[in-house]
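One letter stands for each residue in the lines below.
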Amino acid sequence: MSARLLEGRPVAEAIWSDVEQRVASFVGRFGRPPSLGMVSGADEAAGAYGRQIERQFTRRGLAVDVRDASVDTMIEVVRQLSDDDAIDGILLLTPLPAGVDAEAAAQAIRPAKDVDGQHPANLGRLAQRRPAFAPATALGGLRLLQHYEIPLRARRAVVVGRSPVVGMPLALLLIDADATVTVCHSRSEGLAELTRAADLLCVAAGRAGLIGREHVKPGAVVLDFGTNLAADGSTLGDVQADAVAEVAAAMTPVPGGTGPTTVAVLAQQTMTAAENHLDRD
Ligand code: NAP
């Protein structure tokens, strides 16, 4: 058996197509594009990701306002963007500069502009199953499952990883979609036994090759969020792709699976924040 590959690009394109239509209508109504305020520290990888976001956003008609911030100015810069009427969404590029209080920085984001679900109020609302901005990578995973019509209701889902960026919000989104969810982490015992119960296995541990054939129930769907840099510069997932492809029914490739959906979802949430922002005024 060789698993069907769940490519992220068609999912991202479908999301971008929705965004582009909404951008056109927004510009027609309000005479300006939706705008993301992006706060950048000194980290090189974060800066590269920021430029990738800026390129994709501007190509599709959204505006990006990049603000550089240091340890001393970070909170103030985020506050200014929260109060700026020309800004609809805010993204803090991580990792933040060393010495910045990450919790205070996230809390300085106005929740209505928190398009990457970094403010605790949004994670809380997600847990309450109320409308909320979710972290874009986690929501991108859900969008991918919906795009490929993977059944979720009453399915057993296992999420490996409990970070507030991927694992935890993904578990909450899957619960909201009526899956029965187990969350595993580094203190879980008997990982293979736990993951083998999954109809849907989602892995966001940041450990290259953590999940092998013995972790996967035959016929399961496997989502791999891992992006681990190998010594030769290539990107490796958390799942041993060749071995798991022999037992899974479907799985995301790395790269090209969950990755491409993230920026598209970020743009879609920026669009929603912009519509809410100006409809309120
Ligand atoms: P993180 O903050 O380091 O969290 C990793 C999680 O995995 C933690 O909850 C940790 O458990 C758990 N874990 C670590 N080793 C484990 C093991 N051996 N068995 C079971 N659980 C284990 O990482 P993250 O930010 O969530 O990112 C996870 C992966 O997704 C990384 O590879 C990252 O690069 C990738 N990522 C991808 C995207 C994308 O666009 N596709 C976006 C963001 C992140 P504890 O809580 O007990 O420590």
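Coordinates for the structure precede this section.
Here we summarise the structure given alongside this text. (Residues numbered from 1 in each chain as written. Predicted model: local features only at pLDDT ≥ 70, side-chain atom pairs only at ≥ 80, totals over all residues. Heavy atoms only, no water.)

**Comments concerning the sheet that holds strand β4 (residues 89-92)**
And then number 1: Spatial strand order, β3-β2-β4: three strands in an open sheet with parallel pairing. Either end of the sheet is taken by a strand with one partner, and the two such strands are β3 (63-68) and β4. Taking each pair of neighbouring strands and ignoring which way they run, the sheet shows an average axis angle of 20°.
And then number 2: Two strands pair when backbone bridges link them, and strand β2 (residues 35-40) and β4 are joined in this way by four bridges, in the parallel orientation. Bridging across to β4, Met-38 finds its partner in Leu-91. (Pairing = 2+ DSSP bridges. Helix = DSSP H or I, 4+ residues; strand = E, 2+ residues; numbered from the N terminus. Axes fitted to C-alpha atoms, helices over the stretch in contact; angles between N-to-C directions.)

**Digging into the site of the ligand**
And then number 1: Taken together, the neighbourhood of the ligand is formed by 20 residues, with Arg-162, Ser-163, Ser-186, Thr-227 and Thr-262 sitting nearest.
And then number 2: Arg-207 places a polar side-chain atom, nitrogen or oxygen, 3.4 Å from a nitrogen atom of the ligand.
And then number 3: Among the residues making up the shell around the ligand, the classes are represented as six nonpolar, 12 polar and two charged. (Near = heavy atom within 4 Å. Polar contact = N/O pair within 3.5 Å; in protein donor to acceptor, adjacent residues only side chain to side chain. Nonpolar A, V, L, I, M, F, W, Y, C, P; charged D, E, K, R; others polar.)

**Looking at the packing of aromatic side chains**
And then number 1: One pass over the full model with this rule turns up two aromatic pairs.
And then number 2: Centre to centre, the rings of Trp-16 and Phe-57 are 6.2 Å apart; their planes meet at 85°, and the pair counts as edge-to-face. Within this pair, whereas Trp-16 is found in helix α1 (residues 9-30), its partner Phe-57 is found in helix α2 (residues 44-59), the two being separated by 41 residues in sequence. This pair shows no difference in class: Trp-16 is buried, exactly as Phe-57 is.
And then number 3: Ring centres 4.9 Å apart and planes at 55° place the aromatic pair Phe-26 and Phe-30 in the tilted group. Taken as a pair, Phe-26 and Phe-30 lie in helix α1 at a separation of four residues, close to a single helical turn.
And then number 4: Of the residues examined, Phe-26 reaches a relative accessible area of 2% and is grouped as buried. (Phe/Tyr/Trp six-rings, centres within 6.5 Å; stacked < 30°, edge-to-face > 60°. Buried < 20%, exposed > 50% of the residue type's maximum accessible area, 1.4 Å probe, protein only.)

**Details of the sheet that holds strand β5 (residues 156-160)**
And then number 1: Strand order across the open sheet formed by six strands is β1-β11-β8-β7-β5-β6, with parallel pairing between neighbours. The open sheet terminates on both sides in strands that have one partner only, identified here as β1 (4-5) and β6 (180-184).
And then number 2: Where strand β7 (residues 200-203) lies against strand β8 (residues 221-224), four bridges are found, and the strand directions are parallel. The residue of β8 that forms the bridge with Cys-202 is Leu-223.
And then number 3: Those strands touched by helix α7 (residues 167-176) are β5, β6 and β7, and its axis lies near 170° from that of β5. (Contact = heavy atoms within 4.5 Å.)

**A short note on the packing of helix α6 (residues 136-147) against helix α10 (residues 259-280)**
And then number 1: Packing of α6 against α10 brings their axes to within 8 Å, and their N-to-C directions diverge by 105°. When the axes of α6 and α10 are compared, the pair comes out roughly perpendicular. Taking contact as the criterion, the partners of Ala-136, Thr-137, Leu-139, Gly-140, Gly-141, Arg-143 and Leu-144 in α6 are, on α10, Thr-261, Thr-262, Val-265, Leu-266, Gln-268 and Gln-269.
And then number 2: Here the residues of the contact of α6 with α10 are counted per class, giving five nonpolar, seven polar and one charged. (Parallel < 35°, antiparallel > 145°, perpendicular 65-115°, else oblique.)

**Topic: the pattern of salt bridges**
Pairs may arise between side chains of opposite charge once their charged atoms sit close together.
And then number 1: According to the stated counting rule, one finds 14 salt bridges in the structure shown.
And then number 2: Put simply, Glu-275 and Arg-22 hold a salt bridge, and the shortest N to O gap is 2.8 Å. Residue Glu-275 is found in helix α10, and its partner Arg-22 is found in helix α1; the two are separated by 253 residues along the sequence.
And then number 3: The partner of Asp-199 in a salt bridge is Lys-217, with the nearest N and O atoms 2.9 Å apart. Pair noted here: Asp-199 is in the loop between α8 (191-195) and β7 and Lys-217 is in the loop between β7 and β8, with a separation of 18 residues, a long-range link.
And then number 4: Given a relative accessible area of 28%, Lys-217 falls into the partly exposed group.
And then number 5: Salt bridges sharing partners connect three or more residues here, namely Glu-13, Glu-20 and Arg-60. (Salt bridge = Lys/Arg side-chain N within 4 Å of Asp/Glu carboxyl O.)

**A word on the pairing of β5**
And then number 1: Most of β5 is tucked away: four of the five residues are buried.
And then number 2: As judged from the five bridges shared by β5 and β6, these two strands associate in the parallel manner. Its bridge partner being in β6, Val-158 is matched across the sheet by Thr-182.
And then number 3: What joins β5 to β6 is α7, and the crossover it makes is right-handed.
And then number 4: Relative to β7, β5 runs parallel, the two sharing four bridges. (Right-handed = clockwise from strand over helix to strand, strands pointing away.)

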